[in-house]
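Here's the letter readout for the chains.
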Amino acid sequence: MNFYTRKWVKPENLNAHGTLFGGSLLSWIDEEAAIYAIIQLGTNNCVTKYMSEINFVSSARQGDIVELGIKATSFGRTSLTLTCQVRNKITQKIILTIDKMVFVCVDDNGVPFAHGKTKITYTDERLREEE
Ligand SMILES: CC(=O)SCCNC(=O)CCNC(=O)[C@H](O)C(C)(C)COP(=O)(O)OP(=O)(O)OC[C@H]1O[C@@H](n2cnc3c(N)ncnc32)[C@H](O)[C@@H]1OP(=O)(O)O
(Lines give C-alpha, C1' and ligand atoms only; values in the text may rest on other atoms or scores of the structure.)
Protein backbone atom coordinates (compact mmCIF):
# COMPACT_ATOMS: atom_id res chain seq x y z
CA MET A 1 0.00 0.00 0.00
CA ASN A 2 1.31 3.46 -0.91
CA PHE A 3 0.82 6.40 1.44
CA TYR A 4 1.06 9.30 -1.03
CA THR A 5 -0.91 11.99 0.81
CA ARG A 6 -0.12 13.56 4.14
CA LYS A 7 -2.47 15.86 6.05
CA TRP A 8 -1.74 18.17 8.96
CA VAL A 9 -4.59 18.18 11.49
CA LYS A 10 -5.61 21.82 11.97
CA PRO A 11 -8.21 23.54 14.23
CA GLU A 12 -10.86 23.55 11.47
CA ASN A 13 -10.61 19.73 11.24
CA LEU A 14 -11.50 19.11 14.90
CA ASN A 15 -14.72 17.91 16.50
CA ALA A 16 -16.18 19.13 19.82
CA HIS A 17 -13.83 16.76 21.71
CA GLY A 18 -10.77 18.37 20.19
CA THR A 19 -9.88 15.35 18.06
CA LEU A 20 -9.96 14.90 14.28
CA PHE A 21 -13.57 15.09 12.99
CA GLY A 22 -14.56 11.85 11.24
CA GLY A 23 -16.33 13.80 8.48
CA SER A 24 -13.13 15.69 7.62
CA LEU A 25 -11.18 12.44 7.48
CA LEU A 26 -13.79 10.75 5.26
CA SER A 27 -13.78 13.72 2.89
CA TRP A 28 -9.98 13.47 2.56
CA ILE A 29 -10.23 9.71 1.97
CA ASP A 30 -12.99 9.99 -0.66
CA GLU A 31 -10.93 12.54 -2.62
CA GLU A 32 -7.71 10.54 -2.29
CA ALA A 33 -9.44 7.31 -3.34
CA ALA A 34 -11.18 9.04 -6.27
CA ILE A 35 -7.83 10.39 -7.55
CA TYR A 36 -6.32 6.91 -7.15
CA ALA A 37 -9.23 5.39 -9.14
CA ILE A 38 -8.91 8.08 -11.85
CA ILE A 39 -5.19 7.25 -12.27
CA GLN A 40 -5.81 3.50 -12.32
CA LEU A 41 -8.75 3.62 -14.74
CA GLY A 42 -7.40 6.43 -16.94
CA THR A 43 -10.58 8.50 -16.81
CA ASN A 44 -11.93 11.40 -14.76
CA ASN A 45 -15.40 9.90 -14.97
CA CYS A 46 -15.24 7.78 -11.82
CA VAL A 47 -17.83 7.87 -9.04
CA THR A 48 -17.83 6.45 -5.53
CA LYS A 49 -20.28 3.53 -5.51
CA TYR A 50 -19.78 1.76 -2.21
CA MET A 51 -17.89 1.91 1.09
CA SER A 52 -17.78 -0.99 3.54
CA GLU A 53 -17.69 -0.58 7.32
CA ILE A 54 -15.44 2.23 8.46
CA ASN A 55 -13.35 1.42 11.52
CA PHE A 56 -12.19 4.50 13.43
CA VAL A 57 -9.41 2.65 15.25
CA SER A 58 -7.84 5.55 17.14
CA SER A 59 -8.09 9.33 17.23
CA ALA A 60 -5.79 12.03 15.89
CA ARG A 61 -5.17 15.38 17.56
CA GLN A 62 -4.43 18.93 16.44
CA GLY A 63 -0.89 19.12 15.06
CA ASP A 64 -0.70 15.43 14.15
CA ILE A 65 0.42 14.52 10.64
CA VAL A 66 -1.68 11.70 9.19
CA GLU A 67 -1.02 9.76 6.00
CA LEU A 68 -3.59 8.16 3.73
CA GLY A 69 -2.91 4.79 2.11
CA ILE A 70 -4.92 3.31 -0.76
CA LYS A 71 -4.44 0.10 -2.73
CA ALA A 72 -6.43 -1.53 -5.54
CA THR A 73 -7.56 -5.01 -4.57
CA SER A 74 -9.56 -5.98 -7.66
CA PHE A 75 -10.46 -4.72 -11.12
CA GLY A 76 -14.04 -5.45 -12.24
CA ARG A 77 -15.65 -4.79 -15.63
CA THR A 78 -16.81 -1.24 -14.85
CA SER A 79 -15.60 -1.02 -11.25
CA LEU A 80 -12.43 -0.86 -9.20
CA THR A 81 -12.25 -2.05 -5.59
CA LEU A 82 -9.82 -0.39 -3.19
CA THR A 83 -8.77 -0.81 0.40
CA CYS A 84 -7.77 2.09 2.67
CA GLN A 85 -5.74 2.72 5.78
CA VAL A 86 -4.95 5.97 7.61
CA ARG A 87 -2.13 6.17 10.14
CA ASN A 88 -0.16 8.68 12.19
CA LYS A 89 2.93 9.51 10.12
CA ILE A 90 5.25 9.72 13.12
CA THR A 91 4.03 6.91 15.40
CA GLN A 92 2.59 4.72 12.58
CA LYS A 93 -0.44 4.09 14.81
CA ILE A 94 -3.51 3.10 12.75
CA ILE A 95 -6.26 5.74 12.84
CA LEU A 96 -8.80 4.29 10.41
CA THR A 97 -9.38 1.32 8.12
CA ILE A 98 -11.91 0.76 5.32
CA ASP A 99 -11.79 -2.77 3.90
CA LYS A 100 -13.61 -2.03 0.65
CA MET A 101 -14.32 1.07 -1.45
CA VAL A 102 -15.80 0.63 -4.93
CA PHE A 103 -15.50 3.18 -7.74
CA VAL A 104 -17.39 2.86 -11.04
CA CYS A 105 -16.54 4.39 -14.45
CA VAL A 106 -19.52 6.23 -15.88
CA ASP A 107 -20.10 7.91 -19.25
CA ASP A 108 -21.49 11.43 -19.72
CA ASN A 109 -25.00 10.08 -19.02
CA GLY A 110 -23.92 8.46 -15.75
CA VAL A 111 -24.12 4.95 -17.25
CA PRO A 112 -21.36 2.47 -16.23
CA PHE A 113 -18.89 1.55 -18.98
CA ALA A 114 -16.18 -1.13 -19.21
CA HIS A 115 -12.78 0.38 -18.35
CA GLY A 116 -10.71 -2.49 -19.77
CA LYS A 117 -8.02 -2.29 -17.03
CA THR A 118 -6.88 -5.39 -15.15
CA LYS A 119 -3.65 -4.47 -13.36
CA ILE A 120 -2.32 -1.76 -11.03
CA THR A 121 -0.30 1.04 -12.64
CA TYR A 122 2.36 2.96 -10.73
CA THR A 123 2.46 5.86 -13.18
CA ASP A 124 -0.12 8.31 -14.56
CA GLU A 125 0.35 7.10 -18.17
CA ARG A 126 -3.26 5.93 -18.46
CA LEU A 127 -4.51 9.49 -17.98
CA ARG A 128 -2.33 10.72 -20.86
CA GLU A 129 -3.58 7.88 -23.08
CA GLU A 130 -7.13 9.32 -22.72
CA GLU A 131 -6.17 12.67 -24.31
C1 LIG B 1 -16.00 10.82 -6.17
C2 LIG B 1 -17.43 11.25 -5.80
O3 LIG B 1 -17.62 11.99 -4.91
S4 LIG B 1 -18.76 10.60 -6.73
C5 LIG B 1 -20.25 11.14 -5.93
C6 LIG B 1 -20.91 10.07 -5.14
N7 LIG B 1 -21.30 8.94 -5.98
C8 LIG B 1 -22.37 9.01 -6.81
O9 LIG B 1 -23.06 10.00 -6.95
C10 LIG B 1 -22.71 7.72 -7.53
C11 LIG B 1 -24.23 7.48 -7.53
N12 LIG B 1 -24.53 6.15 -8.03
C13 LIG B 1 -24.78 5.91 -9.34
O14 LIG B 1 -24.82 6.83 -10.17
C15 LIG B 1 -25.01 4.47 -9.77
O16 LIG B 1 -25.20 3.67 -8.61
C17 LIG B 1 -23.82 3.92 -10.60
C18 LIG B 1 -23.87 4.48 -12.00
C19 LIG B 1 -22.47 4.24 -9.96
C20 LIG B 1 -23.87 2.38 -10.68
O21 LIG B 1 -25.16 2.03 -11.12
P22 LIG B 1 -25.63 0.50 -11.02
O23 LIG B 1 -27.00 0.45 -11.56
O24 LIG B 1 -25.36 -0.04 -9.64
O25 LIG B 1 -24.65 -0.18 -12.05
P26 LIG B 1 -24.33 -1.70 -12.23
O27 LIG B 1 -25.34 -2.59 -11.56
O28 LIG B 1 -24.06 -1.88 -13.70
O29 LIG B 1 -22.96 -1.89 -11.43
C30 LIG B 1 -21.79 -1.23 -11.84
C31 LIG B 1 -20.62 -1.83 -11.10
O32 LIG B 1 -20.75 -1.52 -9.71
C33 LIG B 1 -20.70 -2.72 -8.94
N34 LIG B 1 -21.61 -2.55 -7.83
C35 LIG B 1 -22.91 -2.20 -7.89
N36 LIG B 1 -23.43 -2.14 -6.66
C37 LIG B 1 -22.43 -2.47 -5.80
C38 LIG B 1 -22.34 -2.58 -4.38
N39 LIG B 1 -23.38 -2.36 -3.59
N40 LIG B 1 -21.17 -2.92 -3.84
C41 LIG B 1 -20.09 -3.15 -4.62
N42 LIG B 1 -20.10 -3.04 -5.98
C43 LIG B 1 -21.27 -2.73 -6.55
C44 LIG B 1 -21.16 -3.82 -9.88
O45 LIG B 1 -20.69 -5.08 -9.45
C46 LIG B 1 -20.55 -3.36 -11.19
O47 LIG B 1 -19.19 -3.69 -11.21
P48 LIG B 1 -18.51 -4.52 -12.44
O49 LIG B 1 -19.04 -3.95 -13.72
O50 LIG B 1 -17.05 -4.26 -12.30
O51 LIG B 1 -18.88 -5.95 -12.25
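Owing to the predicted nature of the structure, the values given are computational and were not obtained by experimental measurement.

## Considering the overall build of the protein
Line of reasoning, step 1. A count of helical and extended segments in the protein gives two helices and six strands.
Line of reasoning, step 2. Mapped in sequence order, the helices and strands of the protein form the string β-α-β-β-β-β-β-α.
Line of reasoning, step 3. Rg of the C-alpha trace for the protein: 16 Å, near the compact-globule value of 14 Å for 131 residues, within the 12% margin.
Line of reasoning, step 4. Once the C-alpha set of the protein is aligned to its principal axes, its extents read approximately 45 × 25 × 25 Å.
Line of reasoning, step 5. Burial statistics for the protein: of 131 residues in total, 39% are counted as buried.

## Points about the UniProt feature "domain: HotDog ACOT-type" (unreviewed entry) in the protein
Line of reasoning, step 1. What UniProt calls "domain: HotDog ACOT-type" (unreviewed entry) maps, in this numbering, to residues 1-109.
Line of reasoning, step 2. Secondary structure content for residues 1-109 is 18% helix and 45% strand, and the end C-alpha separation is 33 Å.

## Remarks on the site of the ligand
Line of reasoning, step 1. The environment of the ligand is made up of 15 residues, and the closest members are Thr 48, Lys 49, Arg 77, Thr 78 and Ser 79.
Line of reasoning, step 2. In this structure, an oxygen atom belonging to the ligand sits 2.6 Å away from a side-chain N or O atom of Thr 78.
Line of reasoning, step 3. Ser 79 has a polar side-chain atom sitting 2.6 Å from an oxygen atom of the ligand.
Line of reasoning, step 4. Here the ligand, which alone exposes 1,000 Å², has 49% of that area covered by the protein.

## Structural notes on the layout of surface pockets
Line of reasoning, step 1. Of the voids in this model, the largest pocket is the one considered here, and its volume is about 170 Å³.
Line of reasoning, step 2. Lining the largest pocket we find Asn 2, Tyr 4, Thr 5, Glu 32, Ile 35, Tyr 36, Ile 39, Gln 40, Thr 121, Tyr 122 and Thr 123.
Line of reasoning, step 3. The leading source of residues in the lining of the largest pocket is helix α1 (residues 22-41), at five residues.

## Some points on the environment of Lys 119
Line of reasoning, step 1. Within the fold, Lys 119 resides in the loop between β6 (94-105) and α2 (125-130).
Line of reasoning, step 2. Among the residues examined, Lys 119 registers a relative accessible area of 62% and is labelled exposed.
Line of reasoning, step 3. Expressed as a C-alpha distance, the spacing of Lys 119 and Ala 72, which sit 47 residues apart in the sequence, is 8.8 Å.
Line of reasoning, step 4. Contact partners of Lys 119, with chain neighbours within four places excluded, come to Gln 40, Phe 75 and Arg 126.

## A look at the environment of Val 86
Line of reasoning, step 1. As for its placement among the helices and strands, Val 86 is situated in strand β5 (residues 79-88).
Line of reasoning, step 2. For the pair Val 86 and Val 66, spaced 20 residues apart in sequence, the C-alpha to C-alpha distance is 6.8 Å.
Line of reasoning, step 3. Leaving out residues up to four positions away in the same chain, Val 86 has contacts with Leu 25, Ile 29, Val 66, Glu 67, Leu 68, Lys 93, Ile 94, Ile 95 and Leu 96.

## Details of the state of the cysteines
Line of reasoning, step 1. Inspection of the entire model under this criterion finds zero disulfides.
Line of reasoning, step 2. Of all cysteine sulfurs in the structure, the one in Cys 46 sits closest to Cys 105, which takes part in no disulfide; the separation is 4.4 Å.

## Some thoughts on the nonpolar core
General note: in soluble globular proteins, nonpolar side chains tend to be found buried as a group.
Line of reasoning, step 1. Counting residues in hydrophobic clusters, the biggest one holds 27 residues, and the most contacted among them are Leu 25, Ile 29, Leu 82, Cys 84, Val 86, Leu 96 and Met 101.
Line of reasoning, step 2. Going through the elements one at a time, α1, β4 (65-75), β5 and β6 are the ones with two or more residues in this core.
Line of reasoning, step 3. At nine residues, α1 tops the list of elements feeding residues into this core.
Line of reasoning, step 4. For Leu 96, the contacting residues outside a window of four places in its chain are Leu 25, Leu 26, Ile 29, Ile 54, Asn 55, Phe 56, Val 57, Cys 84, Gln 85 and Val 86.

Procedures and definitions
Residues numbered from 1 in each chain as written. Predicted model: local features only at pLDDT ≥ 70, side-chain atom pairs only at ≥ 80, totals over all residues. Heavy atoms only, no water. Helix = DSSP H or I, 4+ residues; strand = E, 2+ residues; numbered from the N terminus. Rg over C-alpha atoms; globule rule 2.2 N^0.38 Å. Buried < 20%, exposed > 50% of the residue type's maximum accessible area, 1.4 Å probe, protein only. UniProt positions renumbered as here; feature names shortened; annotations may be inferred. Near = heavy atom within 4 Å. Polar contact = N/O pair within 3.5 Å; in protein donor to acceptor, adjacent residues only side chain to side chain. Areas by Shrake-Rupley, 256 points an atom, 1.4 Å probe, with all protein chains shown as cover. 1 Å grid on protein atoms, 1.4 Å probe; cavity = no way out; pocket = protein on both sides within 12 Å on 5 of 7 lines; lining within 4 Å. Points joined across faces, edges and corners; volume = space filled by probe spheres on them. Contact = heavy atoms within 4.5 Å. Disulfide = S-S within 2.5 Å. Core = buried A, V, L, I, M, F, W, Y, C linked by side-chain atoms within 4.5 Å.

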